[in-house]
Amino acid sequence: MDVLGVDACGKQGWVGIALTGGGYAVSLVDVRLDALIERAGGVFAIAVDMPLGLVERGWRAADLGARVLLRERRSTVFLVAPRPAWQESEYVAAGDRCHELTGQRLSRQAWALAPKLLEARACWLADERIHEVHPEVSFRALAGGVPPAHAKKTWRGQHTRRSLLAAAGVVLPDELGEADRVPADDVLDAAAAAWSAHRIAQGVAERIPEVPELDAEGRAVEIRY
């Protein structure tokens, strides 16, 4: 396996799509991200659909830039609160901290991602192969710069995204093995992440923003695609 794309999939944990030579190799599912990555072995690049780099104040330029690119699908990118907000132990305190640092409160939808975000961030800080991606940004690139017109949970939207992946050489089989019981939109997102991971490994991936901000740990706060 050359690269791995990963998406969170609720109580099942994480779903991974691995590629070899740019084509589908295998699916992996694990309740823990570090365990899934370990099972994937010595891949060159790992792309994860989860905010990883955090700024200290204000909204991330990566999210603001992704929203501009996605136009009518901009609502698929939620604004990621600054790092101090994620250090709080409960929602109200996190919302207060976010308001102090951005002028707006943290949404409950964003706060619900806290356990997965912190888990993925810990892996990211320990492994330089890991990069942040956003599947809708990847699908926009796959479609030649035009965001898909239909949402990923709709029949039309899923068919469009699977076709875009196939045209790029990522042909998802009807039987996926471990990922057979994972929601289809999570599988498609992991596959889009894997496509971006392949581009990262080849050195041709783009980034949002072009000049990234820096996390408190010195790593780039960016979305790759």
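Everything that follows concerns the structure shown earlier in this document.
Overview of the structure.

Cut-off values and rules
Residues numbered from 1 in each chain as written. Predicted model: local features only at pLDDT ≥ 70, side-chain atom pairs only at ≥ 80, totals over all residues. Heavy atoms only, no water. Helix = DSSP H or I, 4+ residues; strand = E, 2+ residues; numbered from the N terminus. Rg over C-alpha atoms; globule rule 2.2 N^0.38 Å. Buried < 20%, exposed > 50% of the residue type's maximum accessible area, 1.4 Å probe, protein only. Contact = heavy atoms within 4.5 Å. Lys, Arg positive; Asp, Glu negative; His and termini not counted. Charge placed at Lys NZ, Arg CZ, Asp CG, Glu CD. Core = buried A, V, L, I, M, F, W, Y, C linked by side-chain atoms within 4.5 Å. Salt bridge = Lys/Arg side-chain N within 4 Å of Asp/Glu carboxyl O.

**Some details on the overall build of the protein chain**
At step 1: Per the secondary structure count, the protein chain includes nine helices and seven strands.
At step 2: For 225 residues, the compact-globule estimate of 2.2 N^0.38 gives 17 Å, and the protein chain sits close to it at 17 Å.
At step 3: Dimensions of the protein chain along its principal axes, counting C-alpha atoms only, are 50 × 35 × 30 Å.
At step 4: Considering the protein chain as a whole, with its 225 residues, one finds that 54% of them fall into the buried category.
At step 5: Taking as baseline every contact in the protein chain between residues at least 6 positions apart, the subset at least 24 positions apart corresponds to 63%.
At step 6: A distance of 5 Å separates the average location of the 27 positive side-chain charges in the protein chain from that of its 31 negative side-chain charges.

**A few points about the nonpolar core**
At step 1: Ranked by internal contacts, the top residues of the largest apolar core, which has 34 residues, are Leu 4, Val 6, Trp 14, Ile 46, Trp 86, Leu 106 and Ile 130.
At step 2: Where this core is concerned, the elements lending two or more residues are strand E1 (3-8), strand E2 (14-20), helix H1 (33-40), strand E4 (45-49), helix H3 (83-86), helix H4 (91-102), helix H5 (108-111) and helix H6 (114-126).
At step 3: Those residues in contact with Ile 130, other than ones at most four positions away along the chain, are Ile 37, Ile 46, Val 48, Leu 52, Cys 123, Trp 124 and Arg 219.
At step 4: Counting residues in hydrophobic clusters, the runner-up holds 29 residues, among them Val 15, Phe 139, Ala 192 and Ala 194.

**Side note on the pattern of salt bridges**
At step 1: Inspection of the entire model under this criterion finds 18 salt bridges.
At step 2: One salt bridge connects Asp 30 with Arg 39, and the closest N-O pair in it is separated by 3.6 Å.
At step 3: Asp 30 sits in the buried class, given a relative accessible area of 18%.
At step 4: Here Asp 174 makes a salt bridge to Arg 162, at a shortest N to O gap of 2.8 Å. Taken together, the residues Asp 174 in the loop between helix H8 (155-167) and helix H9 (184-202) and Arg 162 in helix H8 connect sequence positions twelve residues apart.

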